[in-house]
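Residue strings, one per chain:
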Amino acid sequence: MRHLFLFIGLLTADLIFAGNPEPLVIDTVHLDGVTLVSDYQRFQPGAKIDRIRSEKLQHMPEAGLDQALMRLSPIYVKGNAGGLATIRFRGTAANHTAIKLGGLNINSLTLGHANASNIPTYLFDDIHLQYGGASAINGSGSIGGTVYLEQKSMWTKGQRMNFSSTVGSFGEQFYGSKIYLGNGHWESVTKAYLFRRENDFYFNNPYHENYYTNPQPVREKQQGAAIENKGLMQQFNYRFDPAATLQSTFWYEDSWHEVQPNMQSNSPTVPELHNKNFRSWVGYDNKKNPVSFKLGAGYVHDEQLYQKNEDQLIVTDRLVAEAAAGYKLAPDKELKAGVLYKYIVPEVYAYSKDVIDYEQQLDLYLSYYFEPVENLKATVNVRQMLVTNFKAPFTPALLLEYKAAGTSKQQLSVTGGLSRSYRIPTFNDRYWGVQGNPNLKAEEGLNAEAGFSYLRQMGHNHLKAKVNLFYMDVDNWIQWSPGSIDWEARNINRVVSKGLELQLQSLFHLGPLETEWGGNYSFNPVHDKDQNDKQLIYAPRHSGNFYGDLKWKAAGLSVDASYTGERLHNKVGDSLPAHFLTNLSIWYRFNYRQQSLRLSAQVLNLGDVDYQNEAYYAMPGRSFKLSISLDLHNNK
């Protein structure tokens, strides 16, 4: 707590001696509608945050979050053909990515991560990706990066509806609907979805049962990898006036899948995993008065059942409450303080009641935005987490963005930041049978980042370029390793991740033809300092992606390609070869007054590449999809 008092003292001194400088004009970020997550960018100037727009997601309505990231970003997603997919920013582990929905981090409290393949992009209007540590803003787990699942309040007047359906190879089916009702002050949004896939694709199996006598790959059909996900999301929003809103989200998810067998076994007799999740968040935001404030509360129920065995049920319940207040001290200075409280009850068959009955977590945070000189934006963020029977580190962050040069047509900005991040061990890490270790220390990361961005505006055309350099040093890295009896959770490693990221994006109009293209490249050495600086497993040194869109009147063509470099998959030094995947889609939209019908076709893995994303697990070759989407409007 002394760190918080020290920061408040420094802030008070700054306010006393700062005088009354000439007010500076703060750039305005225009948002389409109001989002449940709105001010994290305000207090992180210069942070690298990419946006996957709803227009991009329309090309893949059936996709899970894993597919969207693999196709539209350079972020590595480790997974197989649909069972478990985990997001790994900048070479970090699955537990180092926070996934935010409103005031909730939807990661499992037992595992520490969410299954990205179970998160349908159909439910969300935008997806923002923040690279690098952000624990001072988002708390535990934001060491590698953060995914923000955005919900927009459109304040519908009348009715709007969307119905989407996709059929594809390997028994794939998707059905989704969205219904918007409102009068401009209140709004109800109902979204439902159903996704199925048999995953009965053919693949070349080099590890078949006779590979010792016949080393040639054998063509086989994938067995035991079926998936079924379904869910319902309901939003109720009310706008008292433009500066005061009440917004709520209730999301029920039911996901089931067979645990895909590896190539050596490839048997239809496999275990199955069934997850049920209920997530809710209600938030009130008021910006009418000099002191703005927001209040939020949520409840989350996570349940996992293995092989329909009720004796192995894993359940966690959590209540979450948050309150924050902000005050604009001057046009170029703003202060925000808040508190986040969680009450968690785990009901896990492998936990002893003697060591865990419930847990309470309290986060205290403070953010200060200021502009010390012209064209320089800066924030200082601090956070202290208090946990039942556990010590979490104090987490500060300093972020800067300087507009080095700018005219009405172009702008050059320089960014930088220095921050600490952390992750408290999961419940499994601490309490799983005799293998968990309640004496584990929190992982602690030091993050440094610098970047340059250039924007060239030419009427309706623009060109953007970014370069980012980053360095991350994580102590007390938690890893499950062989122990005296069985696998055990230990603080054993120090990991250093560093690298370079390049990004280009452009939008050009050539008469009636609109073209948009972009690309990303990442060079990311990630070294285990306790293992002779060996590259970390499942951390590609080189990765990148490219996408391009052509639009002409009511028709369009899109292509995206991704490159994933060589990855180690064990500590012995065995590796998976690099692979390059290409996807193609075409679409046409029929418009009649306010109504529209969109038809699209996709070809995935156009080159029919034979590859593995996780060692010894098959991935599908070339596949096809047909989609239809109907938009109906009846506006008042």
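Before reading further, recall that the structure is shown in the block above.
This section reports on the structure supplied with the text.

Conventions adopted
Residues numbered from 1 in each chain as written. Predicted model: local features only at pLDDT ≥ 70, side-chain atom pairs only at ≥ 80, totals over all residues. Heavy atoms only, no water. Helix = DSSP H or I, 4+ residues; strand = E, 2+ residues; numbered from the N terminus. Buried < 20%, exposed > 50% of the residue type's maximum accessible area, 1.4 Å probe, protein only. Contact = heavy atoms within 4.5 Å. Lys, Arg positive; Asp, Glu negative; His and termini not counted. Salt bridge = Lys/Arg side-chain N within 4 Å of Asp/Glu carboxyl O. Polar contact = N/O pair within 3.5 Å; in protein donor to acceptor, adjacent residues only side chain to side chain. Pairing = 2+ DSSP bridges. Axes fitted to C-alpha atoms, helices over the stretch in contact; angles between N-to-C directions. Phe/Tyr/Trp six-rings, centres within 6.5 Å; stacked < 30°, edge-to-face > 60°. Lys NZ or Arg CZ within 6 Å of the ring centre and 35° of its normal. 1 Å grid on protein atoms, 1.4 Å probe; cavity = no way out; pocket = protein on both sides within 12 Å on 5 of 7 lines; lining within 4 Å. Points joined across faces, edges and corners; volume = space filled by probe spheres on them. Nonpolar A, V, L, I, M, F, W, Y, C, P; charged D, E, K, R; others polar. Patch = residues over 30% accessible without salt bridge, like charges linked within 9 Å, V, L, I, M, F, W, Y side chains within 5 Å. Areas by Shrake-Rupley, 256 points an atom, 1.4 Å probe, with all protein chains shown as cover.

**Some details on the environment of Arg-420**
Phase 1 of the analysis: Tracing the chain through its elements places Arg-420 in strand S24 (residues 410-423).
Phase 2 of the analysis: In this structure Arg-420 comes out as partly exposed when scored by relative accessible area, which is 30%.
Phase 3 of the analysis: When the C-alpha atoms of Arg-420 and Ala-448 are compared, they prove to be 8.9 Å apart, with 28 residues separating the residues in sequence.
Phase 4 of the analysis: When neighbours within four sequence positions are excluded, Arg-420 is seen to be in contact with Ser-135, Phe-394, Thr-395, Pro-396, Glu-444, Gly-445, Leu-446 and Asn-447.

**Here's the deal with the side chain of Glu-150**
Phase 1 of the analysis: Following the sequence through the fold, Glu-150 ends up in strand S8 (residues 145-150).
Phase 2 of the analysis: One buried charged residue, Glu-150, remains without a salt bridge, the closest side chain of opposite sign being Arg-51 at 7.9 Å.
Phase 3 of the analysis: A distance of 3.1 Å separates polar atoms of two side chains, one belonging to Glu-150 and the other to His-128.

**A short note on the pattern of salt bridges**
Phase 1 of the analysis: This structure, assessed with the given rule, holds 33 salt bridges.
Phase 2 of the analysis: In this structure, the salt-bridge partner of Asp-285 is Lys-287, at a minimum N-O distance of 2.8 Å.
Phase 3 of the analysis: With a shortest N-O distance of 4.0 Å, Glu-514 and Lys-551 are connected by a salt bridge. Of the two residues, Glu-514 is situated in strand S28 (residues 513-523) and Lys-551 in strand S31 (residues 542-552); the sequence distance between them amounts to 37 residues.
Phase 4 of the analysis: Given a relative accessible area of 24%, Lys-551 falls into the partly exposed group.
Phase 5 of the analysis: What emerges from the salt-bridge pattern is a single network uniting Lys-48, Arg-90, Glu-449 and Glu-501.

**Let's talk about helix H3 (residues 65-72)**
Phase 1 of the analysis: Across the eight residues of H3, six count as buried, placing the element largely inside the fold.
Phase 2 of the analysis: Inspection of H3 places Leu-65, Asp-66, Ala-68, Leu-69, Arg-71 and Leu-72 among the buried residues, and these make up the whole buried set.

**Examining the sheet that holds S8**
Phase 1 of the analysis: Pairing within the open sheet is mixed, and its five strands lie in the order S2-S7-S8-S5-S6. This sheet does not close on itself; its edge strands, each paired only once, are strand S2 (49-52) and strand S6 (104-105).
Phase 2 of the analysis: The pairing of strand S5 (residues 97-101) with S8 spans four bridges and is classified as parallel. Its bridge partner being in S8, Lys-100 is matched across the sheet by Tyr-148.
Phase 3 of the analysis: Contacting S2, S5, strand S7 (126-131) and S8, H3 runs over the sheet at an angle of about 110° to S2.

**Notes on the packing of aromatic side chains**
Phase 1 of the analysis: Applying the stated criterion across every chain yields a total of 17 aromatic pairs.
Phase 2 of the analysis: Aromatic pair Phe-89 and Tyr-131: ring centres 5.4 Å apart, planes at 85°, arrangement edge-to-face. Of this pair, Phe-89 sits in the loop between strand S4 (85-88) and S5 while Tyr-131 is found in strand S7, placing the two residues 42 residues apart along the sequence. Each member of the pair, Phe-89 as well as Tyr-131, is classed as buried.
Phase 3 of the analysis: Relative to Tyr-299, the ring of Phe-278 has its centre 6.3 Å away and its plane inclined at 45°; by these criteria the two rings are tilted. Separated by 21 residues along the polypeptide, Phe-278 in strand S17 (residues 272-286) and Tyr-299 in strand S18 (residues 291-306) bring together distant segments of the chain.
Phase 4 of the analysis: The partly exposed category is assigned to Phe-278, whose relative accessible area is 28%.
Phase 5 of the analysis: An aromatic cluster is defined as three or more aromatic residues linked by ring pairs; in this entry it consists of Tyr-349, Tyr-351, Phe-427, Tyr-431 and Trp-432.
Phase 6 of the analysis: Taking the ring centre of Phe-470 as reference, the NZ or CZ of Arg-90 above it sits at 4.1 Å.
Phase 7 of the analysis: Over the ring of Tyr-180 we find Arg-160, and its NZ or CZ is 4.3 Å from the ring centre.

**What to know about empty space enclosed by the protein**
Phase 1 of the analysis: Inspection of the entire model under this criterion finds eight cavities of 30 Å³ or more.
Phase 2 of the analysis: As a volume, the largest cavity reaches approximately 790 Å³.
Phase 3 of the analysis: Looking at the lining of the largest cavity residue by residue, the class counts come to 21 nonpolar, 21 polar and seven charged.

**Some remarks on a nonpolar patch on the surface**
Phase 1 of the analysis: A surface patch of nonpolar side chains, amounting to about 560 Å² of accessible area, comprises Ile-179, Leu-181, Trp-186, Tyr-238, Phe-240, Leu-246 and Val-282.
Phase 2 of the analysis: If you list the elements that add at least two residues to the nonpolar patch, you get strand S11 (172-183) and strand S15 (227-241).
Phase 3 of the analysis: Looking at where Trp-186 falls in the secondary structure, it is placed in strand S12 (residues 186-197).
Phase 4 of the analysis: Of the residues examined, Trp-186 reaches a relative accessible area of 38% and is grouped as partly exposed.

**Observations concerning the pairing of S12**
One face of the sheet, then the other: side chains in a regular strand alternate in exactly this way.
Phase 1 of the analysis: Bridge count for S11 against S12 is ten bridges, and the pairing is antiparallel. Bridging from a neighbouring strand, Ile-179 pairs with Thr-190 of S12.
Phase 2 of the analysis: Between S11 and the antiparallel strand that follows it, S12, lie two residues; Gly-184 among them carries a positive phi value of about 95°.
Phase 3 of the analysis: As paired strands, S12 and S15 are joined by twelve bridges and run antiparallel to one another. Bridge assignment links Lys-191 to a residue of S15, and that residue is Met-233.

**Some remarks on the side chain of Asp-317**
Phase 1 of the analysis: Mapped onto the elements of the fold, Asp-317 is located in strand S19 (residues 314-330).
Phase 2 of the analysis: Buried within the structure, Asp-317 lacks any salt-bridge partner; Arg-318 is the closest side chain of opposite charge, at an N-O distance of 8.6 Å.
Phase 3 of the analysis: Polar contacts involving the side chain of Asp-317 include one to the side chain of Tyr-299, which spans 2.5 Å.
Phase 4 of the analysis: Within the structure, Asp-317 has its side chain in polar contact with the side chain of His-301 (distance 2.7 Å).
Phase 5 of the analysis: Leave out the neighbours within four places in its chain, and Asp-317 touches Tyr-299, Val-300, His-301, Tyr-343, Ile-344 and Val-345.

**Overview of the environment of His-128**
Phase 1 of the analysis: Position of His-128 among the secondary structure elements: in strand S7.
Phase 2 of the analysis: Sequence separation between His-128 and Ile-75 is 53 residues, and the spatial gap between their C-alpha atoms is 13 Å.
Phase 3 of the analysis: With sequence-adjacent residues up to four places away left out, His-128 is seen in contact with Tyr-40, Gln-41, Ile-49, Asp-50, Arg-51, Thr-146, Val-147, Tyr-148 and Glu-150.

**Overview of the environment of Ser-54**
Phase 1 of the analysis: Considering the arrangement of structural elements, one finds Ser-54 in helix H2 (residues 54-58).
Phase 2 of the analysis: Residue Ser-54 is classed as partly exposed on the basis of its relative accessible area of 25%.
Phase 3 of the analysis: Separated by 375 residues in the primary sequence, Ser-54 and Asp-429 have C-alpha atoms spaced 37 Å apart.
Phase 4 of the analysis: Those residues in contact with Ser-54, other than ones at most four positions away along the chain, are Asp-125 and Asp-126.

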